[in-house]
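Here is how the chains run, residue by residue.
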Amino acid sequence: MGNFVKHVSDRACVVASDATWMEDAAIAQLITTSQLEGMQRVAGMPDLHPGRGYPVGAAFFSTNLFYPALVGNDIGCGMALWQTDMRASAIKLDKLEKRVGNIDGPMEDTVAMAQAMVSCGVQPSGHEASLGTIGGGNHFAEFQQVDTVHDPEALAALGIDKQHLLLLVHSGSRGLGERILRQHVDAFGHRGLQADTAEATDYLEQHDAALRFARCNRQLVAQRLLANVRADGRCVLDVHHNFVASANIHGQAGWLHRKGATPSDQGAVLIPGSRGDYSYLVRPTRLCHDTLLSLAHGAGRKWIRSACKDRLFKLMTPTQMGRTALGSRVICNDKQLIYEEAPQAYKSIDSVVHALVGAGLVELLARTKPVLTYKTRGECCE
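Here's what I pulled together on the structure shown here. (Residues numbered from 1 in each chain as written. Predicted model: local features only at pLDDT ≥ 70, side-chain atom pairs only at ≥ 80, totals over all residues. Heavy atoms only, no water.)

## Focus: the sheet that holds strand 3 (residues 39-49)
This is how it is decided: Strands are treated as partners if at least two bridges between them are detected by DSSP. Helix and strand assignments follow DSSP, with helices taken as H or I runs no shorter than four residues and strands as E runs no shorter than two, numbered in order from the N terminus. Helix axes are fitted to C-alpha atoms over the stretch in contact, other axes to C-alpha atoms as well, and angles between N-to-C directions run from 0 to 180 degrees. Residues count as neighbours in contact if any of their non-hydrogen atoms are within 4.5 Å of one another.
With mixed pairing, the six strands of this open sheet are ordered in space as 1-2-3-4-12-11. Of all the strands in the sheet, just strand 1 (5-7) and strand 11 (242-249) have a single pairing partner and so form its edges. In this sheet, adjacent strand axes meet at a mean angle of 20 degrees when their direction is disregarded. With five bridges joining them, strand 4 (residues 56-62) and strand 12 (residues 252-259) adopt antiparallel strand pairing. Bridging across to strand 12, Ser-62 finds its partner in Trp-255. Contacting strand 11 and strand 12, helix 7 (residues 198-228) runs over the sheet at an angle of about 115 degrees to strand 11.

This is how it looks when you write it as structure tokens:
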């Protein structure tokens, strides 16, 4: 791992190169979290950045009790990658942007929703109206084109054809996860739950339901977009990066929390950059317990949201923000959000992936570039 895994305290480490942007506030949050009761080890990924009390882009391993607050309100947030039958060379951006349409509102195809809920094991929760929608913040759906192939055989094994567009969906459990966390915090604050208690069992049942809801949501987002652009597709991978699960680290049984951290024990994953940057399809090379079997989940923020518009408003109009340096387009008609999610607000994805490669955690399979990113057609709903 060379000098790419740096210990910042006796229980905390970060995966980073000397060039990785890493805020002191994020490191401080990581160290503070490592001191929670029962916490054995915490690991920050190269996309580590400060969150609301706890860092994002990190994994946390505890024994005897676990912390729902570390998972946060978007239980099951993750990435799903779909191979489409849309030939990249035939794409005309004007037509694609028009055909994508608007998927901000509830699904009209209730039959498709019901079928997806059954296939994903989703039970009615009162949040069905949000199924098939992306949500706010850093969530998105993006048509991508394979730009560079590093391992053709691995791509073929995954069923990825570089001649056709990919569709990446980043979303989670929407309002369901928010409700679950709010109920927990109202009852227990930010305290951990003792394993094998009725309270822990109740939370885990709700948590697992939110995981199924999130996966179903990503499936329906992809199906809606593919239907709008009159294309077919197949899901290649779907991985959560916000959840807690039982795990064994260095021979010790406990609970592994991931808050914006991609599992390294579930095969190939795609690590996206900002809407104006590349993404990387990577394959984990080993199961590293020191870094808690985890990888980065994206580029990671450099700027806080409230600072983005002030920094960029005089430099670029919202219309100009809808075009990227890579020639792609962005559908985001929320004038605040388009600045908050600007490429400039994020770390370079190359610096993030370079640190993972340098630490010996992944090998590159392919690089993709954005073609069309969908955020929202109107004022964002959340």
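## A few points about empty space enclosed by the protein
The condition that has to hold: Cavities and pockets are found on a 1 Å grid laid over the protein atoms alone: a cavity is a set of points where a 1.4 Å probe fits but cannot escape, a pocket is an open set with protein on both sides within 12 Å along at least five of seven lines, and a lining residue has an atom within 4 Å of such a point. Grid points are joined across faces, edges and corners, and a volume is the space filled by probe spheres set on the points. Under this grouping Gly is polar, as are all residues other than the nonpolar Ala, Val, Leu, Ile, Met, Phe, Trp, Tyr, Cys and Pro and the charged Asp, Glu, Lys and Arg.
Applying the stated rule across the entire model yields one cavity of 30 Å³ or more. By volume, the largest cavity amounts to about 40 Å³. Met-79, Leu-237, Val-239, His-241, Thr-262, Val-269 and Leu-270 are the residues that line the largest cavity. Listed by contribution, the elements that provide at least two residues to the lining of the largest cavity are strand 10 (233-240) and strand 14 (269-271). Split into classes, the residues belonging to the lining of the largest cavity amount to five nonpolar, two polar and no charged.

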